[in-house]
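Here is what each chain is made of, one letter per residue.
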Amino acid sequence: MMTALVLATAAAGLLALAFWWIRRSHMAAYVVAAPRELRSMPACDVGQQLLMASATEAPTAADTPGGAGPQAGGAPARRQKRRGPTRRQFLRNMQGIAFLGTITGFAVASLTFLWPDLRGGFGARLSAGSEEELLGYIRTNREPFEFPAGRTYFVEYQADLDREGQYDQLTDGGQARVMALYWRCVHLGCKVPWCQSSQWLECPCHGSRYNRWGEWQGGPAPRGLDRFQVEVVNGEVFVDTGQLITGPSRQTPALDQPPEGPTCT
Ligand code: FES
């Protein structure tokens, strides 16, 4: 999002610069050709004088019907050699620049939204560190390991408690000892905090509750928390945040975990 903002600002800056340059060169053509007394006037007076002068100026050869020029139009028209773009060219240029700016901004915003951040941000396959360290943190603090880069909670996964093998696919065939939960509530997207006393995840927005494996236990959420696939390579945990796996239905909790104390919401 930040990248999109920076690019959009840069595009707006370039657009403003182009506008300034074209406007400057356009005005310079008139000022250079203006009589000496006009050059010393304030800019707004000069503009007014030039407008009045152009309104009363005799038609040029190109404007004269038949293209005969001075010979057909009476008094010879005073020609001024323009050094910048004409008004029509200026307007065309501006239209083109505005169109390109809009298309570029739209394309940049779309790509930023759709493209996974390959530099290691959310949307990529991320390393979360050593599995032993994650487990150590979870067991010592009795809370999930928060992994902000992946917007993920890592919770301990015990394959023997998952009798149906519901989360086999998500945990490297049941080999991983951690499971990755996306921390957004599946009701309306609030971040779901951990409740230390109940050992559940409890959403403060509308009261949805999930057990420590992110399975629905109450409230308006339509299912359990969504999650990501985890893989453990040489003891290092990788989480694929590019593919969100829909959470389990309300009817199929694998973990039997009543609240272990007072709830927080
Ligand atoms: S957003 Fe969590 S319960 Fe509504």
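Description of the structure in this document.

Thresholds, definitions, all that
- Residues numbered from 1 in each chain as written.
- Predicted model: local features only at pLDDT ≥ 70, side-chain atom pairs only at ≥ 80, totals over all residues.
- Heavy atoms only, no water.
- Helix = DSSP H or I, 4+ residues; strand = E, 2+ residues; numbered from the N terminus.
- Buried < 20%, exposed > 50% of the residue type's maximum accessible area, 1.4 Å probe, protein only.
- Areas by Shrake-Rupley, 256 points an atom, 1.4 Å probe, with all protein chains shown as cover.
- Salt bridge = Lys/Arg side-chain N within 4 Å of Asp/Glu carboxyl O.
- Pairing = 2+ DSSP bridges.
- Disulfide = S-S within 2.5 Å.

Some remarks on the overall build of the chain
Here is step 1 of the chain: In terms of helices and strands, the chain carries six helices and ten strands.
Here is step 2 of the chain: For the chain, the residues scored as buried account for 31% of the 265 residues in total.
Here is step 3 of the chain: With an accessible surface of roughly 16400 Å², the chain has 58% of that area assigned to carbon and sulfur atoms.

Digging into the pattern of salt bridges
Here is step 1 of the chain: Under the defined criterion, the tally for this structure stands at eight salt bridges.
Here is step 2 of the chain: Ionic pairing is found between glutamate 231 and arginine 125, a salt bridge with its closest N-O pair at 2.7 Å. Of this pair, glutamate 231 sits in strand β9 (residues 227-233) while arginine 125 sits in strand β1 (residues 125-130), placing them 106 residues apart in sequence.
Here is step 3 of the chain: Between lysine 191 and glutamate 146 there is a salt bridge; the shortest N-O distance is 3.0 Å. Placement of lysine 191 in the loop between β4 (178-182) and β5 (194-195) and of glutamate 146 in strand β2 (residues 145-147) is noted, with a sequence separation of 45 residues between them.
Here is step 4 of the chain: Looking at lysine 191, the relative accessible area reads 34%, which means it is partly exposed.
Here is step 5 of the chain: Within this structure, Glu131, Glu132 and Arg177 form a network of salt bridges that share partners.

Re the pairing of β9
Here is step 1 of the chain: In the sheet, β4 pairs with β9 via two bridges, with the strands oriented antiparallel. Note on β9: the bridge partner recorded for leucine 181 is arginine 227.
Here is step 2 of the chain: Looking at chain direction, β9 and strand β10 (residues 236-245) are connected through six bridges and run antiparallel. Across the sheet, arginine 227 pairs through a bridge with isoleucine 245, a residue of β10.
Here is step 3 of the chain: The turn joining β9 and β10, which pair antiparallel and follow one another in sequence, is formed by two residues; a positive phi near 50° is taken by asparagine 234.

Some thoughts on the state of the cysteines
Here is step 1 of the chain: Scanning all chains against the criterion turns up two disulfides.
Here is step 2 of the chain: Note that cysteine 190 is cross-linked by a disulfide to cysteine 205, the S-S spacing being 1.9 Å. Given an S-S torsion of about -105°, the disulfide between cysteine 190 and cysteine 205 has left-handed geometry. Taken together, the positions of cysteine 190 in the loop between β4 and β5 and cysteine 205 in the loop between β6 (200-202) and β7 (209-210) put the pair 15 residues apart, joining distant regions of the chain.
Here is step 3 of the chain: According to the relative accessible area criterion, cysteine 205 is partly exposed, its value standing at 35%.
Here is step 4 of the chain: Here the chain pairs its bonded cysteines, counted in sequence order, in the arrangement 1-3, 2-4.

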